[in-house]
Amino acid sequence: MADNHGSARASARTVVIDLVVAVLVFALGAIVGYDSYRLGASWGSDGPQAGYFPFYIGLLICICGAVVFVQSFVRLGTDRKVFVTAGQFKQVLVILLPSAVYVFGVWLIGIYVSSLLFITLFMSFAGHYGWLRSAAVGLAVSLSAFVMFELWFKIPLPKGPVERLLGF
Amino acid sequence: MEEINALFHGFTVALTPFNLMLMFVGIILGVIIGVLPGLGGANGVAILLPLTFSMPPTSAIIMLSCIYWGALFGGAITSILFNIPGEPWSVATTFDGYPMAQQGRAGEALTGAFTSSFVGALVAVLMFTFLAPLIANFALQFGPPEFFAVYLLTFCSFVGTGKGNPFKIVASMMLGFAMAAVGIDIVTGQLRLTFGFTELLSGFHFLVAVIGLFGIGEILLSMEEGLSFSGHGARINPTIVLQTWAKLPRYWATSIRSCLIGCWMGIIPGGATPASFMSYGVARQMSREGAKFGTGQLEGVVAPETAAHAAGTSALLPMITLGIPGSPTAAVLLGGLMIWGLQPGPLLFVEQKDFVWGLIASMYLGNIAGLIVVLTMVPLFAAILRVPFPIIAPVIVVICAIGAYTVKNNMLDVWMMVVFGVVGYAFRKLDYPLAPMVLALVLGDSAESSFRQSMLIAQGDLRVFFSNWLVGSLTGLALVALFWPLLSAGITRLRAALAAGPG
């Protein structure tokens, strides 16, 4: 989505993202409308059918998506507002990608070990803190979450092999 | 007088040592949530909601509403010291609050902000005490068409009063309704919009959406600005507090105006933010020192804070009396009520007297506790704000993940949270408002069932929404609210035409 106009180089324009999101919104509306139609969006023998209400919701979503698409399309040539620059986007990925990996880790090895690793690694790599300080913060958060949820409020969170080894 | 008795009964409910402790815990948590990026009022309450499932509902709502008061107070701290509004309604507080901090008058600005917040809240609670039973009593006559008309009014006024592209507001709202429809249809038992995924049977939980949209979205947005921000130090000592209190009575007229604006706008959904701006604008026009606004006038802090807090408090009025929340945080509280097995709405005043009056009493006590906490602990909260972002960011992601998981003990929700986070980030940047989406997600099922019941009563005739004066005027109001921008533009043009015309 980068274009060749000097200052806007290596950045995404808001109007382009607007177009893409409008298409997605329209598609979601179409899915909602289609599925409601499939269920029956009219008047059954005993009153409104299951798809009666959501069908119109889907229709409205489609209309809004289409209008926003046209509005953005009109401004496509003129609007140069930047949605996100490459540098900003990189910053966003710095937290977004590790977070996604972290959620995967929660599923794989439980929340406590993943949280400890996530906080420690993020602090030391993204924040350039020393290993000791990073690990201390990670351990503190992880341990206090454990005490609060497992012991205090008795709400079980996802656990993995390490917790099992310790007898939980 | 009946209200006074009920209120005193409420105080006896709220004033147990356990509830008082929860009140202070709630306020402190709330302020912390209010000052941290990524943990606003709605999101913070959503994360802490599962912790309250084991408490009695009255204690739970006391703690959660205190978190809400705390977050309202906390928003002012970040606005004044860091020029970063913690909540949307504290944006107007930065206009004069931050210049005051730059001039070294942070203590004065904070004291002014906290005290006027307290005044605004107190007036709103007083209004609440006497108005809520009346509205609830009145709403007891409501049938499904009336309820649907009130829902319609709520959502239409979002479109009419919202700034920005109305189609984006409607798109965001309707996506919320669509998400609410996912899962088993309660009337026919059919599966809707699940496409064969058994995980979608129970639908999208709004708490997960709130945590993702507001929490993760906010973190992503803050990361754009890089990993550093700086703020002014703050010290509040009794002398500054007393000096500021001595100055405040001078602004009594501004206070009264701001309270009225706040109370009125709070009942209308999404009202706290416009209320704070409107109140700032009105104060600037009416004040003798209006020209100096923006350079660090105490009055410029008093006006928006009073209105925002009054509006934030009155946002609970439609939530309790009609089951229709006026703000995302109120929507989360409403969701909490449903989870505790309480049906919000007019019957609450008949069936759950202890709960309702305990809550109202806790509004008085909670705001007093809040004022004490924020005035004494400002340095601590300012210190939390100075914790570097590389530490805060992953910790908040962890807290959000735990919050999303505990909603239903479901791993899929944690993934959904990340997806909602990306959606929240994109929507925020593209000016799709998030509040209507959350409200629609919470109210979707109730709005749909009241619509279907009305349709059943009327055999599919839409004229049922104009069938008597009550429902007719509600629907009419909703339509006026929906087309308000067009109407007001038309009126202005008509006036201009009349003025320019001959004779």
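Residues numbered from 1 in each chain as written. Chains lettered and ligands numbered in written order. Predicted model: local features only at pLDDT ≥ 70, side-chain atom pairs only at ≥ 80, totals over all residues.

Some points on the overall build of chain B
- The helix and strand inventory of chain B stands at 22 helices and 2 strands.
- Relative to the 2.2 N^0.38 estimate, which gives 23 Å for 503 residues, the radius of gyration of chain B is 22 Å and therefore close to what a compact globule would have.
- Classification of the 503 residues of chain B by burial places 61% in the buried group.
- Of all intrachain contacts in chain B linking residues separated by at least 6 positions in sequence, the fraction that spans at least 24 positions is 79%. (Helix = DSSP H or I, 4+ residues; strand = E, 2+ residues; numbered from the N terminus. Rg over C-alpha atoms; globule rule 2.2 N^0.38 Å. Buried ≥ 20, exposed ≤ 12 C-beta atoms within 10 Å, placed from the backbone. Contact = placed C-beta atoms within 7 Å.)

Some remarks on the nonpolar core
- In this structure, I61 of chain A together with I80, M174, V210, A401, M417 and V438 of chain B are the most contacted members of the largest nonpolar core, which totals 222 residues.
- Broken down by element, the residue count for this core peaks at 17 residues, all from helix 4 (residues 57–82) of chain B.
- Mapped onto the domain boundaries, this core takes at least three residues apiece from domain 1 (6–80) and domain 2 (86–165) of chain A.
- If near-sequence neighbours (up to four positions away) are discounted, I80 of chain B is found in contact with T93, G97, Y98, M100, A101, A106, A109, L110 and A113 of chain B. (Core = buried A, V, L, I, M, F, W, Y, C linked by C-beta atoms within 7 Å. Domains from an automatic or database assignment.)

Structural notes on the environment of G203 of chain B
Residue and element names in this part refer to chain B.
- Along the chain, the position of G203 falls in the loop between strand 2 (191–192) and helix 9 (206–224).
- You can call G203 partly exposed: it has 18 C-beta atoms within 10 Å.
- For G203 and L242, which are 39 residues apart along the polypeptide, the C-alpha to C-alpha distance reads 53 Å.
- Filtering out sequence-adjacent residues up to four positions away, G203 remains in contact with V182 and G183.

With respect to the confidence of the model for chain B
- The predicted model of chain B averages 85 in pLDDT, with 95% of residues at 70 or higher.
- For this predicted complex, the interface confidence comes out at an ipTM of 0.91, alongside a pTM of 0.85. (pLDDT = per-residue confidence, 0-100.)

Points about the packing of helix 4 of chain B against helix 15 (residues 328–339) of chain B
All names here are of chain B.
- It is the contact of helix 4 with helix 15, at a shortest axis distance of 11 Å, that shows an interaxial angle of 170°. Considered as vectors, helix 4 and helix 15 are oriented roughly antiparallel to each other. Note on element contacts: helix 15 touches helix 4 through T329, L333 and G336, opposite A60, L64, S65 and Y68.
- Of the residues in the contact of helix 4 with helix 15, the class split is 4 nonpolar, 3 polar and no charged. (Axes fitted to C-alpha atoms, helices over the stretch in contact; angles between N-to-C directions. Parallel < 35°, antiparallel > 145°, perpendicular 65-115°, else oblique. Nonpolar A, V, L, I, M, F, W, Y, C, P; charged D, E, K, R; others polar.)

Some thoughts on unusual backbone geometry
- With a phi angle near 55°, H128 of chain A is a residue other than glycine that sits in the positive phi range.
- Along the chain, H128 of chain A falls in the loop between helix 4 (111–125) and helix 5 (131–152).
- In this structure, L193 of chain B takes a positive phi of about 55° despite not being glycine.
- Mapped onto the fold, L193 of chain B is located in the loop between strand 2 and helix 9.

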